[in-house]
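Read off the chains here:
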Amino acid sequence: MAVALLSGLQFGLQPAQADTYHASATKKQSSTYKTGTYWQRHPKVKSAAVGAGVGTAVGAVTGLVTKKGVVRGAAIGAGTGTGVGLLQSSATMKRHPIVKDVAQGTLVGAGLGLAGTSGHGKYKKSAKIAAAGAAVGLGAGLLKNLR
């Protein structure tokens, strides 16, 4: 190496100057830079997942108490809880809180009615329980939001 450097100097060649070349190893920030956790970036998915978890537990307990099946109740509760969770995170429903409470009461009543009844006439019974849930939701919404 030293011989090549000296022979380059004899012919008037300049040695490679390492100090004039500046390499940069900086990382560019992409336009899809992630900010926050997955749940912070997807609040509707979070609301649906939390609602499904709570609904699964409530549905399983309802199925156990009514002796209609724990797994059946958990499955119905998961679907109901997902719907309630999405209602909670809805921007439209946040502007209409009384309607949100009525809708949640109806969903919860329908879910409990389906998880707790089976056999002939289960849909009619579930509709009655859903109507009762709507009435409870309306009462809660009026008490909470009217001034």
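That block above? That's the structure.
None of the values given here were measured: they were computed from a predicted structure. (Residues numbered from 1 in each chain as written. Predicted model: local features only at pLDDT ≥ 70, side-chain atom pairs only at ≥ 80, totals over all residues. Heavy atoms only, no water.)

Colleague: Honestly, the pattern of salt bridges in this entry has me stumped. Any pointers?
Modeller: As a working rule, side chains carrying opposite charge can pair if their charged atoms are close by. By the definition in use, this model includes one salt bridge. Between Asp101 and Lys144 there is a salt bridge; the shortest N-O distance is 3.4 Å. One end of the pair, Asp101, is in helix α6 (residues 97-116); the other, Lys144, is in helix α7 (residues 122-145), with 43 residues separating them in the sequence. (Salt bridge = Lys/Arg side-chain N within 4 Å of Asp/Glu carboxyl O. Helix = DSSP H or I, 4+ residues; strand = E, 2+ residues; numbered from the N terminus.)

Colleague: Would you mind going over the packing of aromatic side chains with me for this structure?
Modeller: Centre-to-centre distance and the angle between the planes together describe a pair of aromatic rings. Summed over the entire model, instances satisfying the criterion amount to one aromatic pair. When the ring of Tyr38 is compared with that of Trp39, the centres are 5.4 Å apart and the planes differ by 80 degrees; the resulting orientation is edge-to-face. Judged by relative accessible area, which is 42%, Trp39 ranks as partly exposed. (Phe/Tyr/Trp six-rings, centres within 6.5 Å; stacked < 30°, edge-to-face > 60°. Buried < 20%, exposed > 50% of the residue type's maximum accessible area, 1.4 Å probe, protein only.)

Colleague: For this particular structure, what's the right way to read α6?
Modeller: For α6, with 20 residues, the first-to-last C-alpha span of 28 Å sits near the 28 Å given by 1.5 Å per residue. In this structure, the buried side of α6 is in contact with α3 (43-66), α4 (70-89), α5 (91-95) and α7. (Expected span 1.5 Å × (residues − 1). Contact = heavy atoms within 4.5 Å.)

Colleague: What am I meant to see in α3 here?
Modeller: In an α-helix, one full turn covers 3.6 residues, which means residues spaced three or four apart are oriented alike. Here α3 spans 34 Å end to end across 24 residues, near enough to the 34 Å set by a 1.5 Å rise per residue. Every buried residue of α3 is accounted for by Ala48, Gly51, Ala52, Gly55, Gly59, Ala60, Thr62 and Gly63. Packing partners of the buried residues in α3 comprise α4 and α6. Lys67 sits one or two residues past α3 and shows a positive phi near 60 degrees.

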